[in-house]
Amino acid sequence: MKIGGRRYARVALVLALATSAIWTAGGGNAAQAAVTPVPFSSVVPAVAGSAPAAGVTYGISATTTIYTESTSTEATAIGGYLAAILRGSTGYPLPVTAATGSTPAAGISLLLSGAPSSVGDQGYQLDVTATSIVVRANQPAGLFAGVQTLRQLLPPAAESTTVQPGPWPVAGGRIVDSPRFGYRGAMLDVARHFFPVATVKRYIDEIALYKVNYLHLHLSDDQGWRIAVNSWPNLAVYGGSTAVGGGPGGYYTQDDYRQIVAYAASRYITIVPEIDMPGHTNAALASYAELNCDGVAPPLYTGTDVGFSSLCTSKELTYTFIDQVFGELAALTPGPYLHIGGDEAQSTQPADYAAFINRVQQIVAAHGKTVVGWHDVVNATPLPSTVAQFWGTTTRNSAVSAAAQRGTKVLMSPANRAYLDMKYNSRTTLGQNWAGVIDVKTAYGWDPGAYLSGVGESSVLGVEAPLWTETITSLADIEYMAFPRLPAIAELGWSPYSTHDLTAFKTRLGAQGPRWHVMGLNYYHSTQVTWPAGS
Ligand code: ACM
């Protein structure tokens, strides 16, 4: 119970009254009582505050209706999303209809009124009594987050796409929840290996369950260019024609990309597209000879070395190219960020690198977007709005901390904690180990707001868990590397640090296992977690 003491007392009293009213009214049914509802403490990320009501249970039934804020098409869509998940498993009709008046009806209500202002734009309040479930939020994103909590409070069978026997109890009480950091991200490298739209959508659905709200797509690298650019068509057609190991590659048409953006938006996830430069650009350099300083296109590359390619920083055409590429990408991307990469530019002289990054920042700004770059960009002169994504393996980085002191916001992705492509241990067949091996304890055991010396909580925009794909070739591989570590990073980004507790986390995480099993999600059964039966 983490809600402030005085408020808790009040909540507990109200809930006790509600409970007695229900039981004396003859509520409850034997079948519902036979299944122990999922406790609030099983939700990942841990909720910021909760007051369970012992003995109170709401049971979703054949007569349950989902009421949504009547003036909000977004609330209606979230109601439809919840209904679609639950109809599949419960077989109930679960009609979605407009809420009327200010008092929630019996059933499930998703309302954009009455939430505490303290939960902000992304938080919510969830009240479960014997007769109703009410999610209240200030913004649709908060309603969506509340619905993710509700999903996790239902029995794992609720995630099934085929009708299950039930029952469908939800534990009674109140949750008041909001995120510690506004940015909670995942990154998928679609350049080293290409993944079809359906795979990206599935990953979006999986990360949404853990309240991740940004998906960064690493759209270009030495081995492949994955987004169609009308003004430079060879980038995708030729530069996207292979992958690490020499496979056929692939790329997203602009319509594919729009579809991903729209699907992500329906899950309250913002896409952050990355075009990595000036290094990691062999696919572009191979596609257009004139982008090379010597005018000669290198061959396509299917190995896994880094640091050998560079855009020609002294050529004016390079900046025309970047302006046109980012112009098209900005037009396709409703989110605020364009990621310019900037990492591992070993083939670019430091002075050229700084001048290049400074010029690219101006280009991105001219297209109305905010720059994100790997933390190497602090070696240039970051614009006040530029975000530096820390990917180092140490807890000290003087250039990053100096930039933070000057106001640069930092996105935390320490490679030895947050990189989902690192092996779990020496026996893991997928992945790499250059930043170490990362099991649950390591992924979870750090504090993003106090990890990097000189980079305090107020300098941290949030966290992101990158998945590089040199060794990753399928959805099953993605799932295996992301789960269970992605939820660990998501919890670091969402939950107040006061909830941080490895023992409790392992139990919470274990409770996700049966859910992932039902979802057909190929997760790693870490020996650091006690997985319950059915996992
Ligand atoms: C990186 O891992 N090169 C950002």
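Bear in mind the structure is a predicted one, so any value in this text is a computation, not a measurement.

About the thresholds
- Residues numbered from 1 in each chain as written.
- Predicted model: local features only at pLDDT ≥ 70, side-chain atom pairs only at ≥ 80, totals over all residues.
- Heavy atoms only, no water.
- Helix = DSSP H or I, 4+ residues; strand = E, 2+ residues; numbered from the N terminus.
- Rg over C-alpha atoms; globule rule 2.2 N^0.38 Å.
- Buried < 20%, exposed > 50% of the residue type's maximum accessible area, 1.4 Å probe, protein only.
- Lys, Arg positive; Asp, Glu negative; His and termini not counted.
- Charge placed at Lys NZ, Arg CZ, Asp CG, Glu CD.
- Salt bridge = Lys/Arg side-chain N within 4 Å of Asp/Glu carboxyl O.
- 1 Å grid on protein atoms, 1.4 Å probe; cavity = no way out; pocket = protein on both sides within 12 Å on 5 of 7 lines; lining within 4 Å.
- Points joined across faces, edges and corners; volume = space filled by probe spheres on them.
- Nonpolar A, V, L, I, M, F, W, Y, C, P; charged D, E, K, R; others polar.
- Axes fitted to C-alpha atoms, helices over the stretch in contact; angles between N-to-C directions.
- Parallel < 35°, antiparallel > 145°, perpendicular 65-115°, else oblique.
- Left-handed = near helix turned anticlockwise from the far one by under 90°.
- Contact = heavy atoms within 4.5 Å.
- Disulfide = S-S within 2.5 Å.
- Phe/Tyr/Trp six-rings, centres within 6.5 Å; stacked < 30°, edge-to-face > 60°.
- Lys NZ or Arg CZ within 6 Å of the ring centre and 35° of its normal.
- Pairing = 2+ DSSP bridges.
- Right-handed = clockwise from strand over helix to strand, strands pointing away.

### Considerations on the overall build of the protein chain
Part 1: The helix and strand tally for the protein chain stands at 17 helices and 17 strands.
Part 2: Here the protein chain has a C-alpha radius of gyration of 24 Å; the compact-globule value for 535 residues is 24 Å, and the two agree.
Part 3: Projected onto its principal axes, the C-alpha positions of the protein chain cover 85 × 50 × 45 Å.
Part 4: Scored against the burial criterion, the 535 residues of the protein chain give a buried share of 58%.
Part 5: Distance between charge centres in the protein chain, computed from 31 positive and 35 negative side chains, equals 12 Å.

### Examining the pattern of salt bridges
Part 1: Summed over the entire model, instances satisfying the criterion amount to 13 salt bridges.
Part 2: Residue Glu 159 pairs with Arg 151 through a salt bridge whose shortest N-O separation is 2.9 Å.

### What about the layout of surface pockets?
Rolled over the atoms, a probe with the dimensions of a water molecule shows which regions are left empty.
Part 1: The calculated volume of the largest pocket comes to roughly 350 Å³.
Part 2: Of all the secondary-structure elements, those providing two or more residues to the lining of the largest pocket are α3 (73–90), α5 (197–208) and α17 (513–519).
Part 3: The biggest single contributor to the lining of the largest pocket is α3, with four residues.
Part 4: Residues that form the lining of the largest pocket fall into these classes: six nonpolar, four polar and six charged.

### Looking at the packing of helix α15 (residues 485–494) against helix α16 (residues 502–510)
Part 1: Between α15 and α16, the least distance of the axes is 11 Å, while the angle of their chain directions is 125°. It follows that α15 is oblique to α16 by the angle criterion. For the crossing formed where α15 meets α16, the hand is right-handed. Residues Pro 487, Ala 488 and Glu 491 of α15 form the contact with α16, whose participating residues are Phe 505, Arg 508 and Leu 509.
Part 2: For the contact of α15 with α16, the residue count by class is four nonpolar, no polar and two charged.

### What about the state of the cysteines?
Cysteine pairs can be covalently joined through their sulfur atoms, and such a bond is termed a disulfide.
Part 1: Evaluated as defined, the whole model comprises one disulfide.
Part 2: Bridging Cys 293 to Cys 312, the disulfide has an S-S length of 2.0 Å. Across the S-S bond linking Cys 293 and Cys 312, the dihedral sits near 100°, which makes this disulfide right-handed. Taken together, the residues Cys 293 in the loop between α8 (282–287) and α9 (316–332) and Cys 312 in the loop between α8 and α9 connect sequence positions 19 residues apart.
Part 3: On the basis of relative accessibility, which here comes to 56%, the residue Cys 293 falls in the exposed class.
Part 4: Given a relative accessible area of 2%, Cys 312 falls into the buried group.

### A closer look at the packing of aromatic side chains
Part 1: In the structure shown here, the tally under the stated rule is 26 aromatic pairs.
Part 2: An angle of 45° between the planes, with centres 5.0 Å apart, marks the rings of Tyr 81 and Phe 144 as tilted. Of this pair, Tyr 81 sits in helix α3 while Phe 144 sits in helix α4 (residues 140–153), and the two are 63 residues apart along the sequence. Assigned by exposure class, Tyr 81 and Phe 144 land together as buried.
Part 3: On the basis of an interplanar angle of 50° and a centroid distance of 4.7 Å, the ring pair of Phe 194 and Tyr 252 is categorised as tilted. With Phe 194 in the loop between β8 (183–189) and α5 and Tyr 252 in the loop between α6 (234–237) and α7 (254–266), this pair connects stretches of sequence that are 58 residues apart. Each member of the pair Phe 194 and Tyr 252 is classed as buried.
Part 4: Each member of the aromatic cluster is reached from another via a ring pair, and the members are Tyr 210, Phe 483, Trp 516, Tyr 523 and Trp 531.
Part 5: For Arg 267, the ring lying beneath its charged end belongs to Tyr 263, and the centroid distance is 4.3 Å.

### Quick notes on empty space enclosed by the protein
Part 1: Inspection of every chain in the model, using the stated rule, returns one cavity of 30 Å³ or more.
Part 2: A volume near 40 Å³ is recorded for the largest cavity.
Part 3: In terms of lining, the largest cavity is formed by Tyr 444, Glu 491, Leu 492, Ser 495, Pro 496, Tyr 497, Thr 499 and His 500.
Part 4: Looking at the lining of the largest cavity residue by residue, the class counts come to four nonpolar, three polar and one charged.

### A few points about the packing of α7 against α9
Part 1: Remark: α7 packs on α9, axes separated minimally by 10 Å, with the N-to-C direction vectors making an angle of 45°. Taken together, α7 and α9 sit at an angle that is classed as oblique. Of α9, the residues touching α7 (which contributes Gln 254, Tyr 257, Arg 258 and Val 261) are Glu 328, Leu 329 and Leu 332.
Part 2: Taken together, the residues of the contact of α7 with α9 break down into four nonpolar, one polar and two charged.

### Some remarks on unusual backbone geometry
Part 1: Met 277 connects to Pro 278 through a cis peptide bond whose omega is 0°.
Part 2: If you trace the backbone, Pro 278 turns up in the loop between β12 (270–277) and α8.
Part 3: Residue Phe 483 is joined to Pro 484 through a cis peptide bond whose omega torsion reads 20°.
Part 4: Summarising the element assignment, Pro 484 is placed in the loop between α14 (475–482) and α15.
Part 5: Its identity is not glycine, yet His 280 carries a phi of approximately 55°, on the positive side.

### Some words on the environment of Lys 409
Part 1: Tracing the backbone through its elements, the reader meets Lys 409 in strand β16 (residues 409–412).
Part 2: Each C-alpha atom of the pair Lys 409 and Ser 385 lies 7.7 Å from the other, and the pair is 24 residues apart in sequence.
Part 3: Not counting the four nearest positions on each side in its chain, Lys 409 is found in contact with Thr 386, Val 387, Ala 388, Ser 458, Ser 459 and Leu 461.

### A short note on the pairing of strand β15 (residues 387–390)
Part 1: Of the two faces of β15, the one holding Val 387 and Gln 389 and the one holding Ala 388 and Phe 390 are both buried throughout.
Part 2: Across three bridges, strand β14 (residues 370–374) lies against β15 in parallel orientation. Pairing of Val 372 across the sheet is with Val 387, part of β15.
Part 3: Where β15 lies against β16, four bridges are found, and the strand directions are parallel. Note on β16: the bridge partner recorded for Ala 388 is Val 410.
Part 4: Read as a crossover between parallel neighbours, the route from β15 over helix α11 (residues 398–405) to β16 is right-handed.

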